[in-house]
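A structural walkthrough
Chain residues, written in single-letter form:
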Amino acid sequence: QVHVVESGGGLVQPGGSLRLSCAASGSFYSINSMGWYRQALGKQRELVADISRSGFTNYADSVQGRFTISRDNAENTVHLHMNNLKPEDTAVYYCHANVAPGRWAVDVDYWGQGTQVTVSS
């Protein structure tokens, strides 16, 4: 079983910054990609950013240049640094981890419980 836990959400004014963190723990062979998704009220969940084990990153166009994703493979953690936040960034942010349970096993997706980010004056 793998547990994925987020932290760091909250209320921030437009133009402000927040840092989200996520830690994966449990029994597994390795973690492939890790990333962040978000779901605003009444909308579908969308990719914000993800990062491969080797460090290759991918960002949604709407956050490119404002958000930075980073990862620590030794600690099984991923972070999202969010700058110049806008009201449209308001959403529940979910951490995602694609995990290899064993060397020859099929990869499994795990999700955190979500953390609320609200951008408002």
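All values derive from a computational prediction rather than experimental measurement.

Quick word on the state of the cysteines
The term disulfide refers to a covalent linkage connecting the sulfur atoms of a pair of cysteines. Applying the stated criterion across every chain yields a total of one disulfide. Disulfide pairing places C22 opposite C95 at an S-S distance of 2.0 Å. In this structure the cystine formed by C22 and C95 twists about its S-S bond by roughly -85°; its chirality is therefore left-handed. One end of the pair, C22, is in strand β3 (residues 18-26); the other, C95, is in strand β9 (residues 91-100), with 73 residues separating them in the sequence. C95 matches C22 in its accessibility class, with the two residues each being buried.

A look at the pairing of strand β8 (residues 77-82)
Most of β8 is tucked away: five of the six residues are buried. Both β3 and β8 contribute to a ladder of six bridges, which runs antiparallel. Following the sheet pairing, C22 is matched in β8 by V78. By the bridge criterion, six bridges tie strand β7 (residues 67-72) to β8 in an arrangement that is antiparallel. Opposite D72, over in β8, you have T77 as the bridge partner. Here β7 hands over to β8 after four residues, with N76 in that stretch at a positive phi of 55°.

Some points on the side chain of S21
With respect to the element layout, S21 can be found in strand β3. When its relative accessible area of 15% is taken as the criterion, S21 is described as buried. Only 3.4 Å separates the side chain of S21 from the side chain of R19, close enough to count as a polar contact. Beyond its immediate sequence surroundings of up to four residues, S21 is in contact with V5, E6, S7, W36, V78 and H79.

Criteria and thresholds
- Residues numbered from 1 in each chain as written.
- Predicted model: local features only at pLDDT ≥ 70, side-chain atom pairs only at ≥ 80, totals over all residues.
- Heavy atoms only, no water.
- Disulfide = S-S within 2.5 Å.
- Helix = DSSP H or I, 4+ residues; strand = E, 2+ residues; numbered from the N terminus.
- Buried < 20%, exposed > 50% of the residue type's maximum accessible area, 1.4 Å probe, protein only.
- Pairing = 2+ DSSP bridges.
- Polar contact = N/O pair within 3.5 Å; in protein donor to acceptor, adjacent residues only side chain to side chain.
- Contact = heavy atoms within 4.5 Å.

Geometric values such as these leave the question of function open.
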